[in-house]
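Descriptive structure summary
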Amino acid sequence: MTLKVMEADQGEWAVLQVSGEMDLVTSPAVRQHVHDAVADGRRSVVLDLSGVRFCDSSGVGVLIAARRLMRSCQGRLRLILPARGAEDGSHVNRVLAALGVRRLFEVYPDVTAAVDETASPLSA
């Protein structure tokens, strides 16, 4: 399966909707989209991973690198993961938790919550 990234703007937030599989071959596309958003002057990025069906260690590495990039430019990165994780067909939440890196990310259940300055992230 391939990876698809669709971009949309929600106010000051650049929302990157990712679907498919994040693996060694496809993950660099996600990294490039985040870099492009920063190059365009965006400092608030949401990665909507609710459509990601598979994520291996290279995908996790891209997420950690995106977090590092956003922090280095005083930006913000938020992830959208389905509230029920693997039950919703996405195992990204479980992979992040298993690797002990889930707590590094601000995770929200949907785009509306992710771009809402008053919403609290889901607990790890």
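For the structure, see preceding data.
First, a word on scope: everything that follows refers to the structure included in this document. The model shown is predicted, which means the values in this text are computed figures rather than measured ones.

Cut-offs used in this document
Residues numbered from 1 in each chain as written. Predicted model: local features only at pLDDT ≥ 70, side-chain atom pairs only at ≥ 80, totals over all residues. Heavy atoms only, no water. Buried < 20%, exposed > 50% of the residue type's maximum accessible area, 1.4 Å probe, protein only. Helix = DSSP H or I, 4+ residues; strand = E, 2+ residues; numbered from the N terminus. Pairing = 2+ DSSP bridges. Right-handed = clockwise from strand over helix to strand, strands pointing away. Expected span 1.5 Å × (residues − 1). Contact = heavy atoms within 4.5 Å. Core = buried A, V, L, I, M, F, W, Y, C linked by side-chain atoms within 4.5 Å. Polar contact = N/O pair within 3.5 Å; in protein donor to acceptor, adjacent residues only side chain to side chain.

To continue, consider the pairing of strand S3 (residues 44–55). Counting buried residues along S3, nine of its twelve residues qualify, which places the element largely inside the surrounding structure. As paired elements, strand S2 (residues 13–22) and S3 share eight bridges and run parallel to each other. By the bridge assignment for S3, serine 19 is matched with glycine 51. Tracing the backbone out of S2, into helix H1 (residues 27–39) and back to the parallel element S3 gives a crossover that is right-handed. In this sheet, strand S4 (residues 76–80) lies alongside S3 in parallel orientation, the contact comprising five bridges. Bridge assignment links valine 45 to a residue of S4, and that residue is leucine 77. After leaving S3, the chain enters helix H2 (residues 57–72) and then returns to the sheet as S4, a path that is right-handed.

The subject of this paragraph is H2. Working note: α-helix, 3.6 residues per turn, so residues spaced by three or four point in the same direction. Between the first and last C-alpha of H2 there are 22 Å, a value that for 16 residues agrees with the 22 Å anticipated at 1.5 Å per step. Every buried residue belonging to H2 is among Ser58, Gly59, Val60, Val62, Leu63, Ala66, Leu69 and Met70, and all of these are buried. Its buried side turned inward, H2 meets S2, H1, S3, S4 and helix H3 (92–98). Glutamine 74 lies just past H2 and shows a positive phi near 55°.

Counting residues in hydrophobic clusters, the biggest one holds 31 residues, and the most contacted among them are Val18, Met22, Leu47, Leu49, Leu63, Leu79 and Leu96. Going through the elements one at a time, strand S1 (3–10), S2, H1, S3, H2, S4 and H3 are the ones with two or more residues in this core. Of the residues forming this core, the biggest block, six residues, is contributed by H2. With near-sequence residues (within four places) excluded, leucine 47 lies in contact with Leu16, Val18, Val30, Val34, Leu63, Leu77, Arg78, Leu79 and Ile80. In terms of nonpolar packing, the next biggest core, distinct from the first, is built from seven residues, Trp13, Val15, Ile80 and Ala113 among them.

What follows covers the environment of glycine 20. Tracing the sequence through the fold places glycine 20 in strand S2. The class for glycine 20 is buried, based on a relative accessible area of 2%. Measuring from C-alpha to C-alpha, the distance between glycine 20 and glutamate 117 comes to 28 Å, with 97 residues separating the pair along the chain.

Quick look at the side chain of serine 58 now. Along the chain, the position of serine 58 falls in helix H2. Take serine 58: its relative accessible area is 19%, and that puts it in the buried class. A polar contact of 3.4 Å, which involves the side chain of serine 58, links it to the backbone oxygen of aspartate 23. A distance of 2.9 Å separates a polar atom in the side chain of serine 58 from the backbone nitrogen of leucine 24.

Without other data, these values stay purely geometric and don't point to any function.
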